There are 2 protein chains.
Amino acid sequence: MTNAVLSSAFVSLVGAGPGDPGLLTLRATERLREADVVLFDALANPELLHLCPQAEQVDVGKRGFLPSMSQEDINALIVQKALEGGGRRVVRLKGGDPFVFGRGGEEALACAAAGIPCEIVPGISSAVAAAAYAGIPVTHRGMARSFAVLTGTDQHGQAAYAGLSGVDTLVFLMAVKNLDRIAADLIAAGRDPLTPAATIQWASTPQQRVVKGTLADIASVVRQAGVCAPAVTVVGEVVRLHEALNWFVPQA
Amino acid sequence: MTNAVLSSAFVSLVGAGPGDPGLLTLRATERLREADVVLFDALANPELLHLCPQAEQVDVGKRGFLPSMSQEDINALIVQKALEGGGRRVVRLKGGDPFVFGRGGEEALACAAAGIPCEIVPGISSAVAAAAYAGIPVTHRGMARSFAVLTGTDQHGQAAYAGLSGVDTLVFLMAVKNLDRIAADLIAAGRDPLTPAATIQWASTPQQRVVKGTLADIASVVRQAGVCAPAVTVVGEVVRLHEALNWFVPQA
């Protein structure tokens, strides 16, 4: 490998935001327009690929927590594409933010191990934006002065949830499948069953849906409404603000 | 007030991101370019005002936790500007994200109370991006599967911090001033004094500085380095990744 290869190989780990193409950053747009290769998956809005017709576009096909290509294979592919043809500009386009449950750290480590320069282009995380598009601020004076973000794919369990008592607003990503268990564990860990809860599906897109309930019934509300992934669940007093602040009207 | 006024009055609560103008969203850029009035404060990058030379620009002068205009006055001013001259497009430009300790909820409620349509344009929050610009992912497989965001201006205290034991990565905004007390309370609440910690000042800008230590000494490291606001402090095992992933080279 020559220095010339290394000097032109460059990887950008780019956050695509929650879905609305208007929430892409200027830097992300620029990187997509200049890219030689773009590796994308189902969590990034496919419309964004119109920004990079010049690039080789590779679908690495991760769909939520059912990857069709292993993370290790994706890491290796990023490195391989960056080193091809004398060094290329690779964009790894990821839904939300690369460092919020995005496995971006692993991809950055793979680049570092291969000696390939890498940058992070943060994206709007649905951890905050999904709630915002339902008119729910994750923090609000007199209501919530802290929030935590967790995934629903991990089974954190009652014991771990007891260790969330100091956090006002809880945000669960990818939690629809395990919502019954999560809600039950949170209640068992001491959180009030009447705490308001909302689940937002396809946040910020024309397909956005919001369902509301309490910690005690949110799982059945979600099931009855037929809400499925991708969705974000918010638990906390701030959910009460949805009624007054629900500003977003999805237009199909 | 006529319907015509109401139909043209419109308020956008816009997140400006952590500082790097490249982290502005496309939607934010569009709203600034179309604005009749822009209300900004010290937490948003002043360079962004070049995008809206056509707009009346009002400095509402909040500086961190020392507001020179009260939040109530800002709320009233947003409403007043939106209703002026038969209804105007007002952008309230805020550092970071409007709903992450941004008082955006209060501003949105003021608009709702006055019957003025309002939208939220999420921004990149320094809660995640400051760490990212120091090469620190707030989540990382095998290291951190949850994170919480708190402010250092609130005195959460030892009891509340005991209720954070289930959270892997802690992010404190506006914490420099109270960092001694926060670190001591976290240790008293059971967090390991040797937990790695980093403070990032002026994240994503040419002035970015990162200092590192442990929970036990981060406050003195920060003081000795002369780091002051605006800064973000990250506490957790993920801080160890800084060494391998520190990609951002600030250029003055």
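Treat the numbers as computed from the prediction; the structure is a model and nothing was measured.

Participant: Lay out the overall build of chain A in plain terms, naming residues and giving numbers.
Facilitator: Scanning chain A from terminus to terminus reveals 9 helices and 12 strands. Taking 18 Å as the expected radius of gyration for a compact globule of 252 residues, we find that chain A reaches 20 Å, a close match to that expectation. Seen along its three principal axes, the alpha-carbon backbone of chain A occupies a region of about 60 × 40 × 35 Å. The burial tally for chain A puts 59% of its 252 residues in the buried class. Here the contacts in chain A between residues at least 6 apart in sequence split such that 65% fall between residues at least 24 apart. Looking at chain A as shown, the accessible area adds up to about 9,500 Å², and 54% of this sits on carbon and sulfur atoms. Here chain A contributes 20 positively and 23 negatively charged side chains, and the mean placements of these two sets differ by 2 Å.

Participant: So what's going on with the sheet that holds strand 3 (residues 56-59) of chain A? Which residues, and what values?
Facilitator: Residues and elements named next belong to chain A. Here 5 strands make up an open sheet; going across it, the order is 3-2-6-1-7 and the pairing parallel. Among the strands making up the open sheet, the edge pair consists of strand 3 and strand 7 (118-121). Pairwise comparison of adjacent strand axes, ignoring direction, gives a mean angle of 20 degrees for this sheet. Along the sheet, helix 3 (residues 71-83) contacts strand 1 (10-15), strand 2 (37-40), strand 3 and strand 6 (89-94); its crossing angle with strand 6, the most-contacted strand, is approximately 150 degrees.

Participant: Can you lay out the pattern of salt bridges for me, pointing to particular residues and giving the numbers?
Facilitator: Evaluated as defined, the whole model comprises 37 salt bridges over all chains. For B:Arg88, the salt bridge is made with B:Glu56, and the minimal N-O distance between the two is 2.9 Å. On the criterion of sequence distance, the pair formed by B:Arg88 in the loop between helix 3 (71-83) and strand 6 (89-94) and B:Glu56 in strand 3 (residues 56-59) is long-range, its members being 32 residues apart. Judged by its relative accessible area of 18%, B:Arg88 falls in the buried class. Each of the salt bridges in this network shares a partner with another, and the network as a whole consists of A:Glu30, A:Arg31, A:Glu34 and A:Glu119.

Participant: Tell me what's going on with the interface of chain A and chain B, and back it up with residues and numbers.
Facilitator: By a widespread convention, an interface's size corresponds to the accessible area lost as its parts come together. Of the residues lining the interface, 58 residues belong to chain A; the matching set on chain B comes to 58 residues. Summing both partners gives a buried area of about 4,600 Å² for chain A against chain B, and 65% of it is carried by carbon and sulfur. Here chain A and chain B share 6 salt bridges between them. Among the salt bridges present, the one from A:Arg27 reaches B:Asp20, with a minimum N-O distance of 2.9 Å. Counting across the chain A and chain B interface gives 22 residue pairs in polar contact (both at pLDDT 80 or more). For the side of chain A that touches chain B, the secondary-structure elements that each account for two or more residues are helix 2 (26-34), helix 4 (104-113), strand 7, helix 5 (126-133), strand 8 (146-151) and helix 9 (242-245) of chain A.

Participant: Give a description of the relation of the copies chain A and chain B that names residues and reports values.
Facilitator: Between the two copies, chain A and chain B, the superposition gives an RMSD of 0.0 Å; the rotation angle is 180 degrees and the shift along the axis is 0.0 Å. Taken together, the turn and the small shift mark the pair as related by a two-fold rotation axis.

Participant: Quick rundown of the environment of A:His140? Include the residues and the values.
Facilitator: For A:His140, the position within the fold is in the loop between helix 5 and strand 8. What makes A:His140 buried here is its relative accessible area of 10%. In the structure, A:His140 is positioned 97 residues away from A:Glu237 in sequence and 9.4 Å away in space, judged by C-alpha atoms. If sequence neighbours within four positions are ignored, A:His140 has contacts with A:Val238, A:Leu241, B:Gly105, B:Glu106 and B:Leu109.

Participant: Go over the sheet that holds strand 3 of chain B, please, and point to the residues and values.
Facilitator: Residue and element names in this part refer to chain B. Taken in spatial order, the 5 strands of this open sheet run 3-2-6-1-7, and their pairing is parallel. Single-partner strands in this sheet number two, and they are strand 3 and strand 7 (118-121). Each neighbouring strand pair of the sheet contributes to a mean axis angle of 20 degrees, computed without reference to strand direction. Note: strand 2 (residues 37-40) against strand 3, 4 bridges, orientation parallel. Pairing of Val38 across the sheet is with Gln57, part of strand 3.

Participant: Give a description of the domain arrangement of chain A that names residues and reports values.
Facilitator: Residues and elements named next belong to chain A. Per the domain assignment, the segments making up chain A are domain 1 (3-121) and domain 2 (126-245). Taken together, the contacts link 7 residues of domain 1 with 13 residues of domain 2. A combined buried area of about 870 Å² lies between domain 1 and domain 2, and 77% of that area is made up of carbon and sulfur atoms. Counting every contact that joins domain 1 to domain 2 gives 0 salt bridges. Taken together, the links from domain 1 to domain 2 amount to 2 residue pairs in polar contact (both at pLDDT 80 or more).

Participant: Any chance you could break down the pairing of strand 2 of chain A for me, citing the residues and the numbers?
Facilitator: Residue and element names in this part refer to chain A. Of the two faces of strand 2, the one holding Val37 and Leu39 and the one holding Val38 and Phe40 are both buried throughout. Looking at chain direction, strand 2 and strand 6 are connected through 3 bridges and run parallel. Each residue of the ladder has a partner; that of Val38, found in strand 6, is Val91.

Participant: Which residues make up the packing of helix 3 of chain A against helix 4 of chain A, and what values do they have?
Facilitator: All names here are of chain A. The interhelical angle for the contact between helix 3 and helix 4, taken along N-to-C directions, is 45 degrees, at an axis separation of 9 Å. As summarised for this structure, helix 3 and helix 4 are arranged oblique, according to the angle between their axes. As helix 3 runs across helix 4, the sense of the crossing is right-handed. In this structure, helix 3 contributes Gln71, Ile74, Asn75, Ile78 and Val79 to the contact, and helix 4 contributes Glu106, Glu107, Ala110 and Cys111. Split into classes, the residues belonging to the contact of helix 3 with helix 4 amount to 5 nonpolar, 2 polar and 2 charged.

Participant: Which residues make up the environment of A:Gln208, and what are the values?
Facilitator: Residue and element names in this part refer to chain A. Structurally, the position occupied by Gln208 is in the loop between strand 10 (196-201) and strand 11 (209-214). Its relative accessible area of 8% is what places Gln208 among the buried residues. For Gln208 and Glu56, which are 152 residues apart along the polypeptide, the C-alpha to C-alpha distance reads 31 Å. The contacts of Gln208, once residues within four sequence positions are left out, are Tyr133, Ala134, Ile200, Gln201, Trp202, Ala203, Phe248 and Pro250.

Participant: Can you explain unusual backbone geometry? Please cite residues and give values.
Facilitator: Working note: non-glycine residues mostly have negative phi, and peptide bonds are mostly trans. Following A:Ala229, the chain continues to A:Pro230 via a peptide bond in cis, the omega torsion being -5 degrees. For A:Pro230, the position within the fold is in the loop between helix 8 (218-225) and strand 12 (231-235). Not every positive phi belongs to a glycine, and B:Met174 is a case in point at roughly 50 degrees. Here B:Met174 shows up in the loop between strand 9 (169-173) and helix 7 (179-188).

About the cut-offs
- Residues numbered from 1 in each chain as written.
- Chains lettered and ligands numbered in written order.
- Predicted model: local features only at pLDDT ≥ 70, side-chain atom pairs only at ≥ 80, totals over all residues.
- Heavy atoms only, no water.
- Helix = DSSP H or I, 4+ residues; strand = E, 2+ residues; numbered from the N terminus.
- Rg over C-alpha atoms; globule rule 2.2 N^0.38 Å.
- Buried < 20%, exposed > 50% of the residue type's maximum accessible area, 1.4 Å probe, protein only.
- Contact = heavy atoms within 4.5 Å.
- Areas by Shrake-Rupley, 256 points an atom, 1.4 Å probe, with all protein chains shown as cover.
- Lys, Arg positive; Asp, Glu negative; His and termini not counted.
- Charge placed at Lys NZ, Arg CZ, Asp CG, Glu CD.
- Pairing = 2+ DSSP bridges.
- Axes fitted to C-alpha atoms, helices over the stretch in contact; angles between N-to-C directions.
- Salt bridge = Lys/Arg side-chain N within 4 Å of Asp/Glu carboxyl O.
- Buried area = accessible area lost by both parts, 1.4 Å probe.
- Polar contact = N/O pair within 3.5 Å; in protein donor to acceptor, adjacent residues only side chain to side chain.
- Least-squares fit on C-alpha atoms with pLDDT ≥ 70 in both.
- Domains from an automatic or database assignment.
- Parallel < 35°, antiparallel > 145°, perpendicular 65-115°, else oblique.
- Left-handed = near helix turned anticlockwise from the far one by under 90°.
- Nonpolar A, V, L, I, M, F, W, Y, C, P; charged D, E, K, R; others polar.

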